[in-house]
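Summary of the model geometry
Here is how the chains run, residue by residue.
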Amino acid sequence: MDYDWLIIGSGFGGSVSALRLAEKGYKVGVIEAGRRFEDQDFAKSSWQLNRYLWAPLLGLRGIIRFTPFKDIFIASGAGVGGGSLVYANTLYRAKNEFFKNPQWADLADWEQELEQPYATAERMLGVNTVPFDSPGDKLLQDYAASIGTEDTFCRTPVAVFFGEPGKEVADPFFGGEGPARTGCIRCGACMIGCRVGAKNTLLKNYLWFAEKLGATVLPNRQVVDVRPRNNGDGRDGYEIRTRSPGLFGGKDRLLTAQGVIVAAGALGTNTLLANCKHSGSLANISDRLGQLVRTNSESILAVTTPDDSLKLWQTVAISSSIHTDADTHIEVVTYGEKGDFISFLLTLITGEGTRYTRAFFLLGNAIRHPIRFLKTCWPFGWSRKSIGLLVMQSLDNAITFRAKKRWFGHGVRLSTEQDAARPNPTYIEAGNKAANWIAEHTGGIAQIGVLEAVANIPTTAHILGGAAIGADAEHGVIDHEQRVFAYHNLLICDGAAVPANPGVNPSLTIVAMTERAMSRIPAKV
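Predicted, not measured: the structure shown is a model, and the values here were computed from it. Once a new chain begins, its residue numbering starts again from 1 and follows that chain's sequence as written. Under the rules for a predicted model, residues below a pLDDT of 70 receive no local features and side-chain atom pairs below 80 are neither given nor counted, while totals for whole chains, interfaces and linings still include all residues. Side-chain measures were taken over the full set of non-hydrogen atoms in the model, leaving aside hydrogen atoms and water.

Some thoughts on helix 1 (residues 12-23)
A run of DSSP states H or I qualifies as a helix once it reaches four residues; a run of E qualifies as a strand once it reaches two. Both are numbered from the N-terminal end. To estimate the expected span of a helix, subtract one from its residue number and multiply by 1.5 Å. The end-to-end C-alpha distance of helix 1 is 17 Å, a good match for the 16 Å that 12 residues give at a rise of 1.5 Å each. Burial status follows relative accessibility: with a 1.4 Å probe on protein chains alone, a residue under 20% of its type maximum counts as buried, one over 50% as exposed, and anything between as partly exposed. Within helix 1, 11 of the 12 residues are buried, which leaves the element mostly enclosed by the surrounding structure. At its buried positions, helix 1 is contacted by strand 1 (3-8), strand 2 (28-31), helix 5 (115-125), helix 7 (206-212), strand 15 (253-262) and helix 14 (507-519). Positive backbone phi, approximately 95°, marks G25, located one or two places after helix 1. Residue contacts follow a heavy-atom distance rule, with two residues in contact if any of their heavy atoms lie within 4.5 Å.

What follows is the structure, given as structure tokens:
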């Protein structure tokens, strides 16, 4: 075998798996489709598309990819470190409803089971509370007061080293064993890529220590097939076929391993496993694959103020949050001074409607407010003047990934459809009310996702599920220890395993779940 364990993906689940398996004495390889970034390699602005966007067919190998479907528009991370390169550093624990969701509630006392893994994850990721206020926080707090939920306002727990702004110091998190760090300068560019070295990406903790223990990271390789050796159930190990992502992938490379951790992110994992199932490589994967896909019940909005005098960008990416009700959580967001590209994803806010009516509502708004509409079409300076709103809910809703044969080439592609019993919302009233209130009190322009306004397609930065934990293969894809039903030494450790909407940013929960799963694997003999 080339490796004892091969891990597909280097994001939260993959990096945790790499460290914990390396600590147990295993020879570990980590395959990552994206490139490796040092701090100075990140884009200086979102207009540096080759360093910001991931679209390998166009030669772009940045840190964020956008994937449209009929029912959802997905933003996800790319590169060594996965979503930690581009996420907003925000690390809440899941809401209580998450642990009690019927999909997995009977399998364990999940709140108790994950208590220690959560604590470990918070220590490893360097979680601390934002230590300062910003104008965006004040706006959100004032809005909460106006609706009677001011007591829910809080600063966010984030994975950022604050220290002295701009000053590099020896590792402050792991007794000097980790990399040197530089204090946050409040540039707000966490989601463009932290060039300062203040953001606690996985390269600063889990992956750092995994590589020190001998784990090998293989960037710029995309896994296209996973097949048990000798056509078995994994007892004899696996063959993993990779190629370079892009239009010309070059020659395939075959690797072997005794065990495989699939951690390619919810979208990547569902795509890979659907192809493996339909090609016959992993034919016995549960037919529940692609079911219970969660969007975290999200909506993304923004308000652009008349000028940049408030300096809304001078903070971290997400600095505070409120609850408008027991199920709905709203955070304030910034992309820094140079995140203007994101403005193309937003347009004038529209009200509730259908796939066939909302475009007409947008047209009506544009006709009634032509100057406002034209201002939303001008991207330059947008991020200096704008505040984003990320709305999340813990409600039990879902969509489904369906595998369909590709029009061209081999394999299958994913399409979406709404869950018939519990459809994903395409409009969240609480988000629109918050955006309209902030716009009214700042003289700004409220905006919502272009696809939501035009086609009733909401946006999520936290796609989850599709290979969820269940009691058996009739109810899920993996068991309570995240092992794939019907196969040996094949685990899923990323957002695809998450069985319910956490109602908050899910990264900490993915790490905690993976910590628990890795604790069940014995040390190498």
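Describing the packing of helix 1 against helix 14
When two helices pack together, their arrangement is given by the angle between the helix axes and by the axis-to-axis distance. Packing of helix 1 against helix 14 leaves a shortest axis separation of 9 Å and a crossing angle of 30°. Compared by their axis directions, helix 1 and helix 14 come out roughly parallel. Like other packed secondary-structure pairs, helix 1 and helix 14 cross with a definite hand, here right-handed. Only S507, I510, V511, T514, E515 and M518 of helix 14 make contact with helix 1, whose side of the interface consists of F12, G13, V16, S17, R20 and L21. Polarity classes work like this: nonpolar for Ala, Val, Leu, Ile, Met, Phe, Trp, Tyr, Cys and Pro, charged for Asp, Glu, Lys and Arg, and polar for all others, with Gly in that last group. The class makeup of the residues in the contact of helix 1 with helix 14 is six nonpolar, four polar and two charged. Comment: axis = line fitted to C-alpha atoms, over the contacting stretch for helices; angle = value between 0 and 180 degrees taken between N-to-C directions. These descriptions rest on fixed angle ranges, namely under 35 degrees for roughly parallel, over 145 for roughly antiparallel, 65 to 115 for roughly perpendicular, and the rest for oblique. Should the near helix be turned anticlockwise from the far one by less than a right angle, the crossing is termed left-handed; should it be turned clockwise, right-handed.

Observations concerning the sheet that holds strand 24 (residues 445-449)
Hydrogen bonds along the backbone pair up the strands of a sheet, which may run parallel or antiparallel. Strand order in the open sheet formed by seven strands is 8-18-19-21-17-24-20, with antiparallel pairing between adjacent strands. Two strands in the sheet have a free side with no partner beyond their single neighbour: strand 8 (154-155) and strand 20 (346-348). DSSP calls a pair of strands paired once it identifies at least 2 bridges connecting them. In this sheet, strand 24 lies alongside strand 17 (residues 299-304) in antiparallel orientation, the contact comprising four bridges. Of the residues in strand 24, the one forming a bridge with L301 is I448. Packed on one face of the sheet, helix 6 (residues 135-146) meets strand 18 (318-325), strand 19 (328-333) and strand 21 (386-393) and runs near 10° to strand 18.

Details of the environment of E122
Among the secondary structure elements, E122 is positioned in helix 5. Placed 31 residues apart in sequence, E122 and L91 show a C-alpha to C-alpha distance of 8.0 Å. We define a polar contact as two N or O atoms separated by no more than 3.5 Å, with the added condition that, inside protein, one atom must be a possible hydrogen donor and the other a possible acceptor, whereas residues neighbouring each other in sequence contribute only through side-chain atom pairs. A distance of 3.0 Å separates a polar atom in the side chain of E122 from a polar atom in the side chain of R93.

Things to note about the pattern of salt bridges
For salt bridges, the criterion is a side-chain nitrogen of Lys or Arg within 4 Å of an Asp or Glu carboxyl oxygen. Evaluation of the coordinates by the stated rule reveals 29 salt bridges. Across the pair D225 and R227 runs a salt bridge, and its minimum N-O distance is 3.7 Å. For R227, a relative accessible area of 29% corresponds to the partly exposed category. Ionic pairing is found between D396 and R422, a salt bridge with its closest N-O pair at 3.2 Å. Note that D396 is positioned in the loop between strand 21 and strand 22 (399-405) and R422 in the loop between strand 23 (412-418) and helix 12 (429-442), a separation of 26 residues in sequence. Accessibility expressed as a relative area gives 33% for D396, which makes it partly exposed. Several salt bridges converge on common partners, so that one network encompasses E113, D479, E481, R483, R516 and R520.

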